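Residue strings, one per chain:
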Amino acid sequence: MQAGCLLLESGAEIFRVEETMERICHHYGIKADRNFVLTNGIFFTAEYDDVNVFARVQRVKVGGSRLDRIEAVNQLSREIESGMYTPDEALKEVDRIKRIPAISPGVQIFASGVGSAAFTFLLGGSLSDCLAAFFVGLVVYVYVLFIFKRYLSKIVGNIGGGLLATVLCIFLYFVEVGDHMNFMIIGSVMPLVPGISFTNGIREIAEENYISGAVRLLDAILAFLCIAVGVGIGISIMGSFVEGVFIL
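Just so you know, these numbers come straight off a predicted model, no measurement behind them.

1. Concerning the side chain of Ser188
Turning to step 1, where the next piece is worked out: Inspection of the secondary structure assignment puts Ser188 in helix α8 (residues 181-189).
Turning to step 2, where the next piece is worked out: Assessed through its relative accessible area of 0%, Ser188 is described here as buried.
Turning to step 3, where the next piece is worked out: A polar contact is formed between the side chain of Ser188 and the backbone oxygen of Met184, at a distance of 2.7 Å.
Turning to step 4, where the next piece is worked out: Beyond its immediate sequence surroundings of up to four residues, Ser188 is in contact with Ser116, Ala133, Val136, Val140, Ala165 and Cys169.

2. Here's the deal with the side chain of Thr20
Turning to step 1, where the next piece is worked out: Structurally, the position occupied by Thr20 is in helix α2 (residues 14-27).
Turning to step 2, where the next piece is worked out: Residue classification places Thr20 among the buried positions, given a relative accessible area of 3%.
Turning to step 3, where the next piece is worked out: With near-sequence residues (within four places) excluded, Thr20 lies in contact with Leu7, Val73, Asn74 and Ser77.

3. Thoughts on the pattern of salt bridges
Turning to step 1, where the next piece is worked out: For the structure shown, the criterion picks out nine salt bridges.
Turning to step 2, where the next piece is worked out: Arg16 is paired through a salt bridge with Glu13; the nearest N and O atoms lie 2.8 Å apart.
Turning to step 3, where the next piece is worked out: Classification of Arg16 by relative accessible area gives partly exposed; the value is 22%.
Turning to step 4, where the next piece is worked out: Bridged by salt links that share partners, the residues Glu13, Arg16 and Arg203 form one connected network.

4. A short note on the sheet that holds strand β3 (residues 52-59)
Turning to step 1, where the next piece is worked out: The three strands are arranged β1-β2-β3 in an open sheet whose pairing can be described as antiparallel. At either end of the open sheet lies a strand with only one pairing partner, and these are β1 (36-38) and β3. Geometrically, the sheet is characterised by an average inter-axis angle of 10 degrees between neighbouring strands, direction not taken into account.
Turning to step 2, where the next piece is worked out: Here β1 runs beside strand β2 (residues 41-48); their pairing, made up of three bridges, is antiparallel. Considered in β2, the bridge of Val37 is made with Ile42.
Turning to step 3, where the next piece is worked out: Each of β1, β2 and β3 touches helix α1 (residues 2-9); the most contacted strand, β2, lies at about 160 degrees to it.

5. Section: the packing of helix α6 (residues 127-151) against α8
Helices that pack against each other are described as a pair by the angle of their axes relative to one another and the distance between those axes.
Turning to step 1, where the next piece is worked out: Two elements in contact, α6 and α8, have axes whose closest approach is 9 Å; the angle formed by their N-to-C orientations is 35 degrees. Of the two elements, α6 crosses α8, and the hand of that crossing is right-handed. Between α6 and α8, the residues in contact are Asp129, Ala132, Ala133, Val136 and Val140 and Phe183, Met184 and Ser188, respectively.

6. Some words on helix α7 (residues 154-174)
Turning to step 1, where the next piece is worked out: Across its 21 residues, α7 extends 30 Å between first and last C-alpha, which sits within 8% of the 30 Å expected from 1.5 Å per residue.
Turning to step 2, where the next piece is worked out: Of the positions making up α7, those classed as buried are Gly157, Asn158, Gly160, Gly161, Gly162, Ala165, Thr166, Leu168, Cys169, Ile170, Leu172 and Tyr173.
Turning to step 3, where the next piece is worked out: Where α7 terminates, the next one or two residues include Glu176, which has phi positive at roughly 65 degrees.

7. Brief notes about the environment of Lys98
Turning to step 1, where the next piece is worked out: Here Lys98 shows up in helix α4 (residues 87-98).
Turning to step 2, where the next piece is worked out: Each C-alpha atom, one on Lys98 and one on Ala72, is 9.7 Å from the other, the two residues being 26 residues apart in sequence.
Turning to step 3, where the next piece is worked out: Contacts of Lys98, omitting those with residues within four sequence positions, involve Gln2, Leu6 and Arg69.
Turning to step 4, where the next piece is worked out: In this structure the side chain of Lys98 is engaged in a polar contact, spanning 3.5 Å, whose partner is the side chain of Gln2.

8. What to know about the pairing of β3
Turning to step 1, where the next piece is worked out: Little of β3 sits inside the fold, with zero of its eight residues counted as buried.
Turning to step 2, where the next piece is worked out: Relative to β3, β2 is paired through eight bridges, and the arrangement is antiparallel. Counterpart to Glu47 in the pairing with β3 is Val53.
Turning to step 3, where the next piece is worked out: Turn length for the β2-β3 hairpin, with the two strands adjacent in sequence and antiparallel, is three residues, and the turn residue Asp49 shows positive phi of about 60 degrees.

9. Examining the nonpolar core
Turning to step 1, where the next piece is worked out: If you look at the biggest cluster of nonpolar residues, it comprises 27 residues, and the most contacted ones within it are Leu8, Val17, Ile42 and Phe44.
Turning to step 2, where the next piece is worked out: Elements represented by at least two residues in this core include exactly α1, α2, β2, α3 (67-81) and α4.
Turning to step 3, where the next piece is worked out: Those residues in contact with Phe44 that lie beyond four places of it in its chain are Met1, Met21, Cys25, Ala32, Asn35, Phe54, Ala55 and Arg56.
Turning to step 4, where the next piece is worked out: By size, the runner-up hydrophobic cluster in this structure holds 23 residues, among which are Tyr143, Leu145, Ile170 and Val189.

Cut-offs and rules
- Residues numbered from 1 in each chain as written.
- Predicted model: local features only at pLDDT ≥ 70, side-chain atom pairs only at ≥ 80, totals over all residues.
- Heavy atoms only, no water.
- Helix = DSSP H or I, 4+ residues; strand = E, 2+ residues; numbered from the N terminus.
- Buried < 20%, exposed > 50% of the residue type's maximum accessible area, 1.4 Å probe, protein only.
- Polar contact = N/O pair within 3.5 Å; in protein donor to acceptor, adjacent residues only side chain to side chain.
- Contact = heavy atoms within 4.5 Å.
- Salt bridge = Lys/Arg side-chain N within 4 Å of Asp/Glu carboxyl O.
- Pairing = 2+ DSSP bridges.
- Axes fitted to C-alpha atoms, helices over the stretch in contact; angles between N-to-C directions.
- Left-handed = near helix turned anticlockwise from the far one by under 90°.
- Expected span 1.5 Å × (residues − 1).
- Core = buried A, V, L, I, M, F, W, Y, C linked by side-chain atoms within 4.5 Å.

Take a look at the structure:
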């Protein structure tokens, strides 16, 4: 149950959570074929010798994607199947995985800048466009880590992120740092885009987990719309101060 909750809160797909839990139970001789996993909760029932029954409902608070944790739990389930762990040892390993530290804020901020610059280059931006997007990507992720995630809801946070990126890009464009405003803006908002959630939502629907897939897709689409609203607000604000603001 703890392994399943850890996977789910780290952003794993529903079928991966169910498969991992079934692998662990099967190895220890426990019948657990009536599990029901949703995007933010697990309904778990297990039987041992058709006499002892365990049932639990656990609400899971889903955070950001932690692929390192997902990979570690997947590896643990395979090692359990190969007989490397007793139940107590496996539980200690799950606790260890839960304590794996996240990537440091500095690395995340730098990766955001690199990602923004890379997307700008892929879209056909010039070197100066990439440099501008790199700077804006850094600022946007500082906002994400220290304001968005701490104090704002997803809707307000994504609107604010799109607004911040757009205002900065337009300002840099008018001080002649960057040649193509549209490429700069698109590249700079990429760190806000929930690509993993969108992809997982499609995978969930493909695996016939329609409820969780629809929830993930709706969450991702809502984020897309909020980012677009923020960009539109930014263009409107800057257009009211600078005559002739056009996306060229």
